[in-house]
Amino acid sequence: MYEKIKLLSQELEKSQQIQVEKNRIENGIDDFHQSVLKGVNLSLDETLLEFYQSLNGCYIKWQHIEKEEKETNEETNLSIAGEIRIASISDLLFPKLKITQQYQDQFLEDEVEDLQNFRVFDNSDDYMRVGFLIEDGIIKSDLYYVLEDAEGFSELPFSFKEYLELMIQYKGMYYWQYAITMDDQDFKAKAANYIKEIFGK
């Protein structure tokens, strides 16, 4: 996965129509990180361990460079930007986001414990938080999300690996997680046109 994220960042950097504001990709975890996991009595399931051995988080942020001389086309020349902000192991173990305080009013009393065990994986969308649940001391790769104005957790309709592929496909465009989860056909069409226009794909 490190190579795929690296290729995406290079693709963004090379585009004359994209300005990259952040581009940080961390190498995979080592024995020290795994010893820290053991020290706090946590482990990753096989899928997550493989991922984090390849990549220990990243932060890529980009925006489209508007061209005044270019005629506006609502279908393809969108004012658009994106962000990929994948949590590091440290973020999973010692989360900086106060998720419990932010969302506890949206959970029943007996569900708040689950919220305390929620770890944000993709921190690029303030409205929709995507992450994992800790179960029996294991951070599992099943993905859940919580919305700013909805009750409780919902499970994403695709696997962890499918999520990563979609993230790369949509270049981390803002709103992609919600749009794909809710099957927003308008977003899909506009995003596909935009990607073709900018990247020729």
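Scroll up to find the structure this text is about.
**Student:** Mind laying out the side chain of S15, listing which residues take part and the relevant values?
**Tutor:** Counting through the fold element by element, S15 comes out in the loop between α1 (2-14) and β1 (18-27). A residue is classified by how much of its surface remains accessible, and S15, at 13% relative accessible area, is buried. S15 has contacts with I198 and F199, leaving out every residue within four places of it along the chain.

**Student:** Mind laying out helix α9 (residues 185-199), listing which residues take part and the relevant values?
**Tutor:** In this model, α9 (15 residues) spans 21 Å end to end at C-alpha, consistent with the 21 Å of a helix rising 1.5 Å per residue. Among all positions in α9, only F187, A191, Y194, I195, I198 and F199 are buried. Projection of α9 onto a plane perpendicular to its axis shows the buried side chains occupying an angular sector of 100 degrees, all on one side. The backbone nitrogen of D186 has a side-chain oxygen 3.1 Å away, supplied by the residue at the start of α9, namely D184. At the exit of α9 stands G200, carrying a positive phi of roughly 70 degrees.

**Student:** Lay out the pairing of strand β3 (residues 55-64) with the relevant residues and their values.
**Tutor:** Each regular strand shows side chains that alternate between the opposite faces of the sheet. Burial analysis of β3 places eight of its ten residues in the buried class, the great majority of the element. The pairing of β1 with β3 spans eight bridges and is antiparallel. Note on β3: the bridge partner recorded for N27 is L55. Relative to strand β4 (residues 81-86), β3 runs antiparallel, the two sharing six bridges.

**Student:** Describe in detail the nonpolar core, supporting the description with residues and values.
**Tutor:** In this structure, Y52, I86 and F121 are the most contacted members of the largest nonpolar core, which totals 51 residues. If sequence neighbours within four positions are ignored, Y52 has contacts with G28, I29, L44, G57, I86, A87, S88, I89, L92 and F121.

So, how was this worked out
Residues numbered from 1 in each chain as written. Predicted model: local features only at pLDDT ≥ 70, side-chain atom pairs only at ≥ 80, totals over all residues. Heavy atoms only, no water. Helix = DSSP H or I, 4+ residues; strand = E, 2+ residues; numbered from the N terminus. Buried < 20%, exposed > 50% of the residue type's maximum accessible area, 1.4 Å probe, protein only. Contact = heavy atoms within 4.5 Å. Expected span 1.5 Å × (residues − 1). Arc of directions from axis to C-beta. Polar contact = N/O pair within 3.5 Å; in protein donor to acceptor, adjacent residues only side chain to side chain. Pairing = 2+ DSSP bridges. Core = buried A, V, L, I, M, F, W, Y, C linked by side-chain atoms within 4.5 Å.

Function-wise, these values are silent; they only describe arrangement.
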